[in-house]
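Fold and geometry: a report
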Amino acid sequence: MLKRLITAGILLPLVIFAIFKLPAVPFTAISASLLILGSWEWSRLAGWESIFSRLMYVVVFVLIESMIFQPMLAGWITPLIYRFSLLFWPIMLLLVMTYPKTEAYWGNSRFLRSLMGYLALTPCYFVLIKFANEQFPRDMLLICLIFIWGADSVAYFVGKKWGKTPLILAVSPKKTIAGLVGAILAGSVFGLLVFLLSESTLLCSNGSCKLAYFYFGGAVESFIQIMNIAVWTVLASVLG
């Protein structure tokens, strides 16, 4: 736990500074660096062992990301990435829940394991670029990170105190059902806090309320939307 606190103490100010103060180019560069490191790590998970083969995996990843943002491709590839992501993660949830029974269908295939990495990392990079260029508001990124950090911390303590039944023993032995419940409750509480704080900054006219990152018909709708984002963000982080 001490290591977690030290890491958070160092990284949290840096992350907040990067989200709110970095211009688009350095924000994009940092995002790309993190995703390149992610692709390097995934190359090992995909089964590539030699330094050369792992580097080739990273090179292909960089080429894919470079092609996505070519003007001729950007127009039609954006909705395609969203659709792939929406299809990919439910499939991953199914594979995680049925592991190791379904491992026989993909575990011995370097191609499928490599493809999983590209499909996991590419939408992530794509969305980070949206935040970098402020097509998506950056404060929304910080809010989602707060949901994840808060839920993860609460899950750790709840799981350590009351966790007895593993969530999915074959995948992550230390994760428990109690920890998951704690994470969801924590995400809900943080969502409620965001709602209460944002209510003081809502601009309302003609029955419609507006935030920089939310558009609501009123308080009830805003509460439902924020809580939805909080819970689904937490669940997605657990799956990730």
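Owing to the predicted nature of the structure, the values given are computational and were not obtained by experimental measurement.

Helix and strand counts for the protein chain come out as eight helices and five strands. The order of α-helices and β-strands along the protein chain, N terminus first, is α-α-α-α-α-α-β-β-α-β-β-β-α. Counting only residues that meet the buried cut, the protein chain has 32% of its 240 residues in that class. Residue pairs at least 24 apart in sequence account for 64% of intrachain contacts in the protein chain once pairs closer than 6 positions are excluded. Within the structure as shown, the protein chain displays about 15000 Å² of accessible surface, and the carbon and sulfur contribution to it stands at 73%.

This part is about the pattern of salt bridges. What the rule picks out here adds up to one salt bridge. Put simply, Arg44 and Glu41 hold a salt bridge, and the shortest N to O gap is 2.3 Å. Of this pair, Arg44 and Glu41 are both found in helix H2 (residues 24–45), three residues apart, which corresponds to roughly one turn of the helix. In this structure Arg44 comes out as partly exposed when scored by relative accessible area, which is 44%.

In this section: the packing of helix H1 (residues 2–21) against helix H6 (residues 138–162). Relative orientation of the contacting elements H1 and H6 amounts to 165°, with a least axis distance of 10 Å. The angle between H1 and H6 places the two elements in the roughly antiparallel class. Considering how the two elements wind past one another, H1 and H6 form a crossing that is left-handed. Contact with H1, carried on its side by Arg4, Leu12, Val15, Ile16, Ala18, Ile19 and Phe20, involves Arg138, Asp139, Leu141, Leu142, Leu145, Trp149, Asp152 and Tyr156 of H6 and no other residues of that element.

The next point concerns the nonpolar core. Of all hydrophobic cores here, the largest spans 15 residues; its most connected members are Phe27, Phe131, Leu141, Ile143, Phe147 and Val194. For this core, the secondary-structure elements that each account for two or more residues are H1, helix H5 (110–132), H6, helix H7 (177–199) and helix H8 (219–239). In this structure, Phe27 is in contact with Ala18, Ile19, Leu22, Leu128, Phe131, Ala132, Arg138 and Leu141, ignoring residues within four places of it in sequence. One finds Tyr57, Leu121, Leu128 and Ile129 within the second-largest nonpolar core, a separate group that totals eight residues.

Taken together, the side chains of Ile51, Phe52, Leu55, Met56, Val59 and Leu63 define a hydrophobic patch exposed on the protein surface, amounting to about 590 Å² of accessible area. Considering the arrangement of structural elements, one finds Leu63 in helix H3 (residues 51–68).

This part covers the side chain of Thr176. Following the sequence through the fold, Thr176 ends up in strand E2 (residues 172–176). Judged by its relative accessible area of 11%, Thr176 falls in the buried class. Within the structure, the side chain of Thr176 is placed 3.0 Å from the backbone nitrogen of Gly179, a separation counted as a polar contact. Sequence-distant contacts of Thr176, that is, excluding residues within four places in its chain, are made with Gly159, Gly163, Lys164, Thr165, Pro166 and Leu167.

On average, residues of the protein chain carry a pLDDT of 84, and 88% of them reach 70 or more. Across the protein chain, H2 holds the top mean pLDDT of 93, while strand E5 (residues 215–216) sits lowest at 48.

Here we come to unusual backbone geometry. Cis geometry marks the peptide bond from Tyr99 to Pro100, where omega comes out at 5°. By secondary structure assignment, the location of Pro100 is in the loop between helix H4 (71–97) and H5.

Position of Thr122 relative to the elements: it lies in helix H5. Judged by its relative accessible area of 8%, Thr122 is buried. Distance in space between the C-alpha atoms of Thr122 and Ile64 is 8.3 Å, their sequence separation being 58 residues. Those residues in contact with Thr122 that sit more than four places away from it in its chain are Phe61, Ile64, Glu65 and Ile68. A distance of 2.7 Å separates a polar atom in the side chain of Thr122 from the backbone oxygen of Tyr118.

Topologically, Ile184 is positioned in helix H7. A relative accessible area of 27% means that Ile184 is categorised as partly exposed. Counting along the chain gives 51 residues from Ile184 to Leu235, while the straight-line C-alpha distance between them is 7.4 Å. Filtering out sequence-adjacent residues up to four positions away, Ile184 remains in contact with Val234 and Leu235.

Cut-offs and rules
The written sequence of each chain sets the order in which its residues are numbered from 1. Residue-level local features of this predicted model are given only where pLDDT is at least 70; pairs of side-chain atoms are given and counted only at 80 or more, and the full residue set underlies all totals for whole chains, interfaces and linings. Side-chain metrics rest on all non-hydrogen atoms present in the structure, leaving aside hydrogens and water. Only runs of H or I of at least four residues qualify as helices and only runs of E of at least two qualify as strands under DSSP, and these elements are numbered from the N terminus. Each residue is assigned to one of three classes by its accessible area relative to the maximum for its type, calculated with a 1.4 Å probe on protein chains only: buried under 20%, partly exposed between the two thresholds, exposed over 50%. Throughout, a residue-residue contact means that at least one pair of heavy atoms, one from each residue, lies within 4.5 Å. Here the Shrake-Rupley method, with its probe set to 1.4 Å, supplies the accessible areas, and only the displayed protein chains count as covering residues. Salt bridges, as used here, are contacts in which a Lys or Arg side-chain nitrogen is within 4 Å of a carboxyl oxygen on Asp or Glu. Only the stretch in contact is used when fitting a helix axis, every axis being a line fitted to C-alpha atoms; angles between N-to-C directions are given from 0 to 180 degrees. In these notes the angle categories are as follows: under 35 degrees is roughly parallel, over 145 is roughly antiparallel, 65 to 115 is roughly perpendicular, and the rest is oblique. Left-handed is the label given to a crossing in which the near helix is rotated counterclockwise from the far helix by less than a right angle, and right-handed is the label when the rotation is clockwise. Think of a nonpolar core as a cluster: buried Ala, Val, Leu, Ile, Met, Phe, Trp, Tyr and Cys residues, connected wherever their side-chain atoms sit within 4.5 Å. Note that patches include only residues with greater than 30% relative accessible area and no salt bridge, and the join distances are 9 Å for like charges and 5 Å for nonpolar side chains (Val, Leu, Ile, Met, Phe, Trp, Tyr). A 3.5 Å cut-off defines polar contacts: any pair of N or O atoms within that distance qualifies, except that in protein one atom must be a possible hydrogen donor and the other a possible acceptor, and neighbouring residues in sequence count only when both atoms are side-chain atoms. What pLDDT conveys is the predictor's confidence in a given residue, as a value from 0 to 100.

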